[in-house]
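Take a look at the letters that make up each chain.
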Amino acid sequence: MKIEKVLVVGCGTMGGQIAMQTALCGYQVCAYDLKPEVVQRAKAYSDKWFAGRVAKGRLTEEQARQAQERLNFTTDLPQAAHEADLVIEAVPDVAKIKRAVLSQVDQYVPERAIYGSNSSYLVSSVFADAVRHPEHVANFHFFNPALVMELVEVVQGPHTAPETVDILMDFARSIRKSPVLVKKEIYGFVVNRIFSAITKEACYLYDQGVASLEDIDTAVKKGLGHPMGPFDLLDMTGIDLEYNVLMERFRNTQDPADRPAAVLVEHYARGEYGRKTNKGFYEYDEGGKRK
């Protein structure tokens, strides 16, 4: 199967950037969201980003123009979906939301369509039966910022056809990403299982008053060689994302150990999600630079 037309469902930070990267690499892309204001914000970000690439000499005016012509932001799902070869789902990591969205999308896409879920933690077997062909569904996990980060995790579920995996691996390479194959489903896949273990311990150390945010981040960077500390990274990826992921996990397991740490709950309750709100564990100016 040859992928030519791509539908990205969800125009948030990840969905918008996935759509832009895909259009840059020659594909016809529709980026869909239910909310007009989200679509408008994603379109404005895209226009500003492409203009910035041209101004810095990273893209020619012609390259930017062609990529933008291939990229359409829309609230019209039937029109966006009716010829899609590949659907990349980038909606919140809540099982009932993913099931509802995929079931709706599946009404309009062709029978041949492949589904790649950008879920950060949830395995696709939780929601694959929401579509006509569960064998066409796999996790297809990008990392933030999707325009920069090279890694994509392709997770093969028990329902996933080998051909679906091959198509997604090849597609990832075609959009200049480096895919890794996770051969069987496990909550959090590879990277986020490791990241969650570090984050959980970092939050514990902070909640217990063992060390400050700054010193924990410095220790991880200088002692373990990580480019960013765990609190820096949570601010970049979104405290709200981490909170919702952990709460979804807790709802399923009812294990108190899976509850979000106190410091995460506090920031989430105050609407301090990190860089996107200019305040999280640290504070940021309007340009996203840490104060």
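Attention in this report is confined to the structure presented alongside it. Every value quoted in this text rests on a predicted model; they were computed, and no experiment measured them.

Definitions and limits used
Residues numbered from 1 in each chain as written. Predicted model: local features only at pLDDT ≥ 70, side-chain atom pairs only at ≥ 80, totals over all residues. Heavy atoms only, no water. Pairing = 2+ DSSP bridges. Helix = DSSP H or I, 4+ residues; strand = E, 2+ residues; numbered from the N terminus. 1 Å grid on protein atoms, 1.4 Å probe; cavity = no way out; pocket = protein on both sides within 12 Å on 5 of 7 lines; lining within 4 Å. Points joined across faces, edges and corners; volume = space filled by probe spheres on them. Nonpolar A, V, L, I, M, F, W, Y, C, P; charged D, E, K, R; others polar. Core = buried A, V, L, I, M, F, W, Y, C linked by side-chain atoms within 4.5 Å. Buried < 20%, exposed > 50% of the residue type's maximum accessible area, 1.4 Å probe, protein only. Contact = heavy atoms within 4.5 Å. Axes fitted to C-alpha atoms, helices over the stretch in contact; angles between N-to-C directions. Phe/Tyr/Trp six-rings, centres within 6.5 Å; stacked < 30°, edge-to-face > 60°. Arc of directions from axis to C-beta. Expected span 1.5 Å × (residues − 1).

A regular strand places its side chains on the two faces of the sheet in alternate fashion. The pairing of strand β7 (residues 151-155) with strand β8 (residues 178-182) spans 5 bridges and is parallel. When the bridges of β8 are listed, V154 appears paired with L181.

If you add up the space inside the second largest pocket, you get close to 440 Å³. Every element with two or more residues in the lining of the second largest pocket is listed here: α7 (191-207) and α10 (239-253). Ranked by residues supplied to the lining of the second largest pocket, first place goes to α7 with 9 residues. Class assignment of the residues belonging to the lining of the second largest pocket gives a composition of 10 nonpolar, 4 polar and 7 charged.

V6, I88, F140, F142 and F171 are the most contacted members of the largest nonpolar core, which has 41 residues in total. Apart from residues lying up to four places away in sequence, F140 is in contact with I88, G116, S117, N118, V152, E153, V154, L168, F171 and A172. Judged by nonpolar contacts, the second largest core, of 40 residues, contains V87, A113, A128 and Y187.

This part covers unusual backbone geometry. Cis peptide bonds are those with omega within 30 degrees of zero, and the linkage from N144 to P145 qualifies with 0 degrees. Mapped onto the elements, P145 comes out in the loop between β6 (137-142) and β7. Positioned with a positive phi, R176 is a non-glycine residue whose angle comes to about 70 degrees. When you line up the elements, R176 lands in the loop between α6 (162-174) and β8. Classification of R176 as exposed rests on a relative accessible area of 58%. Of note in this structure, N278 is not a glycine but carries a positive phi near 70 degrees. Assignment of secondary structure puts N278 in the segment after α11 (262-269).

Another point: the sheet that holds strand β4 (residues 86-89). Two pairing modes exist for strands in a sheet, parallel and antiparallel, and in both the strands are linked by backbone hydrogen bonds. Reading across the sheet, the 8 strands line up as β3-β2-β1-β4-β5-β6-β7-β8 and stay open at both edges, with mixed pairing between neighbours. Taken across any chain shown, the strands that pair with only one partner, and hence form the sheet edges, are β3 (71-74) and β8. Strand-to-strand twist of the sheet, defined as the mean angle between neighbouring strand axes without regard to direction, takes the value 25 degrees.

This structure, assessed with the given rule, holds 9 aromatic pairs. Ring centres 5.5 Å apart and planes at 40 degrees place the aromatic pair Y121 and Y187 in the tilted group. With a gap of 66 residues between them, Y121 in the loop between β5 (114-117) and β6 and Y187 in the loop between β8 and α7 connect regions that are remote in the sequence. With relative accessibility at 4%, the residue Y121 sits in the buried group. With a centroid separation of 5.1 Å and an interplanar angle of 90 degrees, the aromatic rings of F140 and F142 are classed as edge-to-face. Here F140 and F142 have matching classes, each one buried. What links up through ring pairs into an aromatic cluster is the set Y27, F140, F142 and F171.

A few words on α11. Each turn of an α-helix holds 3.6 residues, which means side chains three or four residues apart point in the same direction. Taken as a whole, α11 has its buried residues at V263, L264 and H267. The buried residues of α11 occupy an angular sector of 100 degrees when the element is viewed end-on, so they sit on one face. Of the surrounding secondary structure, the elements contacted by the buried residues of α11 are α7, α9 (230-237) and α10. After α11 finishes, the residue G271 shows a positive phi value of roughly 70 degrees.

Turning to the side chain of D258, a few remarks are in order. Counting through the fold element by element, D258 comes out in the loop between α10 and α11. Classification of D258 by relative accessible area gives buried; the value is 17%. If near-sequence neighbours (up to four positions away) are discounted, D258 is found in contact with L246, R249, F250 and T253.

The subject of this paragraph is α7. In this model, α7 (17 residues) spans 24 Å end to end at C-alpha, consistent with the 24 Å of a helix rising 1.5 Å per residue. The inward-facing, buried residues of α7 abut β6, α8 (213-224), α9, α10 and α11. G209 occupies a position one or two residues after α7 and carries a positive phi of about 75 degrees.

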